[in-house]
Amino acid sequence: ASGWMMMRLGQSDWKYESSGEQACHGRNIVLRRGKTLGGSSCTFDCLCHRGSAMDYDQWNVPGWSSADVLPFFKAVEGLEETT
């Protein structure tokens, strides 16, 4: 299996979870911790968040309105890992 699949299957992860988090309605949160040389920096997780459209609009910076940046966010969201 590829290195990415091994990470997803947990062979290189300690499989830690939090106890029920009040702010998450009692759900457990997965805490990725790598058990490889390099540790957790080797888990290859990436999280992207667009941010609030209102925040971009309130900046009042030319070229940075929510309408201006939306096409770039959509382009990045469509990217696929190719390995």
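Fair warning: this is a prediction, and the values are worked out from it, not measured in the lab.

(A) Representation of the side chain of S66 in the model. Structurally, S66 is set in helix α3 (residues 66-77). Judged by its relative accessible area of 19%, S66 is buried. Among residues more than four places away in sequence, those in contact with S66 are A53, Y56 and D57.

(B) Examining the packing of aromatic side chains more closely. This model, assessed by the stated rule, comprises three aromatic pairs. Ring centres of Y56 and W59 lie 5.0 Å apart, and the angle between their planes is 65 degrees; this geometry places the pair in the edge-to-face category. Linking Y56 with W59, this pair stays in helix α2 (residues 53-59), spanning three residues, or about one helical turn. Between K35 and the ring centre of W14, over which it is positioned, the NZ or CZ distance is 5.0 Å.

(C) Structural detail: the environment of D68. Tracing the backbone shows D68 in helix α3. Residue classification places D68 among the partly exposed positions, given a relative accessible area of 34%. Residues D68 and Y56 lie twelve residues apart in sequence; the distance between their C-alpha atoms is 9.2 Å. Among the polar contacts made by the side chain of D68, one reaches the side chain of S65 at a distance of 3.0 Å.

(D) Up close: unusual backbone geometry. One non-glycine residue, H25, lies in positive phi territory at about 55 degrees. Within the secondary structure layout, H25 lies in the loop between β1 (16-17) and β2 (30-31). Its relative accessible area of 75% is what places H25 among the exposed residues. The backbone of N60 sits at a positive phi, close to 55 degrees, despite the residue not being glycine. Secondary-structure assignment places N60 in the loop between α2 and α3.

Criteria and thresholds
- Residues numbered from 1 in each chain as written.
- Predicted model: local features only at pLDDT ≥ 70, side-chain atom pairs only at ≥ 80, totals over all residues.
- Heavy atoms only, no water.
- Helix = DSSP H or I, 4+ residues; strand = E, 2+ residues; numbered from the N terminus.
- Buried < 20%, exposed > 50% of the residue type's maximum accessible area, 1.4 Å probe, protein only.
- Contact = heavy atoms within 4.5 Å.
- Phe/Tyr/Trp six-rings, centres within 6.5 Å; stacked < 30°, edge-to-face > 60°.
- Lys NZ or Arg CZ within 6 Å of the ring centre and 35° of its normal.
- Polar contact = N/O pair within 3.5 Å; in protein donor to acceptor, adjacent residues only side chain to side chain.

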